[in-house]
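Chain and residue survey
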Amino acid sequence: MNTHYPVVIVGGGQAGLSVSYCLKQKGIDHIIFEKNKVASAWASKRWDSFCLVTPNWQCTLPGFPYAGDDPHGFMHRDDIVKYVEAYAESFQPNIEEGVSVKKITLSSSSSSDRQYHIDTTIGSYSASQVVIAVGGYHQPKYPRIAERLPSEVAQIHSSEYKNPAALPEGAVLVVGTGQSGCQIAEDLHLAGKKVHLCVGGAPRSPREYRGKDVVDWLDQLGYYDIPIDEHPQKETVRTKTNHYVTGRGGGREIDLRQFATEGMQLYGKLDEIQGNRLILKDDLQQNLDQADGVAESIKRTIDAYIEKNNIEAPIEASYEPVWQPENTPVSVDLKAENITTIIWAIGYHMDFRWIDVPVFDGKGYPTHERGVTTAEGLYFIGLPWLYTWGSGRFSGVARDAEHLAERIAIQNKDISKKTARVFNQVAIGS
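Quick summary incoming for the structure in this document. In this text, all values refer to a predicted model and were calculated from it rather than measured experimentally.

1. Quick word on the pattern of salt bridges
Counted under the stated rule, the structure contains 18 salt bridges. Of the charged contacts in the structure, one is a salt bridge between Lys26 and Glu406, with a shortest N-O distance of 2.8 Å. Here Glu406 lies in helix α8 (residues 397-429) and Lys26 lies in the loop between α1 (14-25) and β2 (30-34), a separation of 380 residues in the sequence. Residue Asp213 pairs with Arg207 through a salt bridge whose shortest N-O separation is 3.0 Å.

2. With respect to empty space enclosed by the protein
Scanning the entire structure with this criterion turns up one cavity of 30 Å³ or more. Estimates place the volume of the largest cavity at around 40 Å³. Every residue along the wall of the largest cavity is listed here: Trp47, Ser49, Phe50, Cys51, Gln183, Glu186, Thr246 and Arg248. Split by residue class, the lining of the largest cavity holds three nonpolar, three polar and two charged.

3. Some details on the nonpolar core
Generally speaking, nonpolar side chains in soluble globular proteins are found buried as a group. Ranked by size, the top nonpolar core spans 63 residues in total, and within it Val174, Leu188, Leu256, Leu266, Ile343, Ile381 and Phe394 carry the most contacts. Counting residues per element, this core draws most heavily on helix α3 (residues 77-91), at seven residues. Other than its neighbours up to four places away in sequence, Ile343 contacts Ile156, His157, Ser158, Tyr161, Leu167, Val172, Leu173, Val174, Val175, Ile184 and Leu188.

4. Focus on the packing of helix α5 (residues 214-221) against helix α7 (residues 284-308)
As a packed pair, α5 and α7 sit with axes 11 Å apart at the nearest point and diverge in direction by 55 degrees. In terms of orientation, α5 lies oblique with respect to α7. In this structure, α5 meets α7 at a crossing whose hand is left-handed. Contacts between α5 and α7 involve Val214, Trp217, Gln220 and Leu221 on the former and, on the latter, Ile298, Thr301, Ile302, Tyr305 and Ile306. Across the contact of α5 with α7, the residue classes break down as seven nonpolar, two polar and no charged.

5. Thoughts on the pairing of strand β19 (residues 339-344)
Within β19, six of the six residues are buried, which leaves it mostly tucked inside the rest of the structure. Note: strand β10 (residues 154-157) against β19, four bridges, orientation parallel. Residue pairing in the sheet places Ile156 in a bridge with Ile343 of β19. Of the strand pairs in this sheet, strand β11 (residues 171-175) and β19 are connected by five bridges, and their pairing is parallel. Residue pairing in the sheet places Val174 in a bridge with Ile343 of β19.

The rules behind the values
- Residues numbered from 1 in each chain as written.
- Predicted model: local features only at pLDDT ≥ 70, side-chain atom pairs only at ≥ 80, totals over all residues.
- Heavy atoms only, no water.
- Salt bridge = Lys/Arg side-chain N within 4 Å of Asp/Glu carboxyl O.
- Helix = DSSP H or I, 4+ residues; strand = E, 2+ residues; numbered from the N terminus.
- 1 Å grid on protein atoms, 1.4 Å probe; cavity = no way out; pocket = protein on both sides within 12 Å on 5 of 7 lines; lining within 4 Å.
- Points joined across faces, edges and corners; volume = space filled by probe spheres on them.
- Nonpolar A, V, L, I, M, F, W, Y, C, P; charged D, E, K, R; others polar.
- Core = buried A, V, L, I, M, F, W, Y, C linked by side-chain atoms within 4.5 Å.
- Buried < 20%, exposed > 50% of the residue type's maximum accessible area, 1.4 Å probe, protein only.
- Contact = heavy atoms within 4.5 Å.
- Axes fitted to C-alpha atoms, helices over the stretch in contact; angles between N-to-C directions.
- Parallel < 35°, antiparallel > 145°, perpendicular 65-115°, else oblique.
- Left-handed = near helix turned anticlockwise from the far one by under 90°.
- Pairing = 2+ DSSP bridges.

Take it as geometry only, folks, not as evidence of what the structure does.
Here it is, written out as C-alpha cells:
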C-alpha cells in the first residue's frame, strides 16, 4: 500500500473535494482522508427543515456549478447532501472515508528533507504537502454556566437539534440568535411549541429589497469579492456572528419582533443561572435595535448603488418595528414557565491541537495568508473569511481551491527539483 503522497488532504467536505478537483486537473497525485462520509456534516449536523440562506446560484464548486431548475431557490438539507455527493461522483477523487487523522507532525524544518507525517486510524502516511480542509466548527460550545442547570432540564447543542417532535414535552428556551438560533426558534414556533429566546447581539439581514434578493444586490455591489485585507473590519470579521435570515419557504426575513407579537417570549442575554431561575441582562431593546440598524444599513448601501447607477427599482417604505419590548423580564423561573429543554445555539470551539506544527496564534487559529501558512507545504481551506466572505461557503471555496492548487503545483515543482539535485549529488559522490 502506498504510504507517501505528494499531497494529503484532511477532510472530504466541499472544501477538501474542491482542492482535490483542482489538483486532479493539474495531474498532481493526492489522497483525501475523511473521518466520516462525504457530506456527513450536512446530513447529521443540521436539523430536518434546514436549508441554505443563500440562493442556489451561489453553489459554484469548481467544475460543478448548480444546474437545477431553481437557481433563486434555497436548497434543503437533503438536496445539499445530494449536491455534494454528486460532486464527488463527478470526478471520482481518491478518498478514504471513515478514516480519522489523529496527528500531523513535521519531520524537519529543512526545505531539502521536509516531510509531513500523518498518523491515521488505518496507519501512518507521509506527504510533501498537506491541506487541512476540516472547516472551523469542531466542538459544540456549551457555556460552563450550563453546569448549574437542574438535571431534569434537557440540554442540547444546535448541531444536535432535529425537529420539535424529538424534544421533551414542554416549552423550549433557545440561547443565541445567530443563524442557527433564529432558524431553530422559528422551526419550533411554527410547530406550535412555546418558545423562549435569549436575544444576543447578532445582526439581521433583509431577505428581499427593492425587487431583488439582497444577495443578488450584494453580488452586484462586489461585496462577495472583497478580500479580507480590504474589509473595513480586517481579520476581526472572522469572529463576527453571521446575519440571521432564512431560505425557508422560498426565502424570507426573520423578524424577532413579529415572532413576539405571535407569542414568542423574547429576553436579553443570559447572564446567570441560580437553580431553576435564569437571570437575564436588560439589553433586549438594545439588541433588537442594533440588529434592525444593520438591516437598514444594508438597505441604504443598496439605495446608494441604485441611485449611482440609475437603476430602475421599486421604492420600499422604511422599516417600522411591529413590537417594542415593555417590562421585559430580567429573570425566568424554568418550572413556572414549564421550560423543559434548553438549546444552546452559541457556536463552536475550533480545535487544531492534533496538528503539531507551529503555525497557530495564541487563540489556536492558524496564521496564514489566503490559506498559505508559514510552514512550507501546509495549507488551510474552508475557514470562514479565509480570503473572502464566501471562503467557508459554496460560493467562494472554488476561488480558494484554485489558488491553493496553484501554490501546491509550484511547490511540487520545487520539491521535484530539490529531489533531483540531491539524487545527482549522491550519484556523483558514489
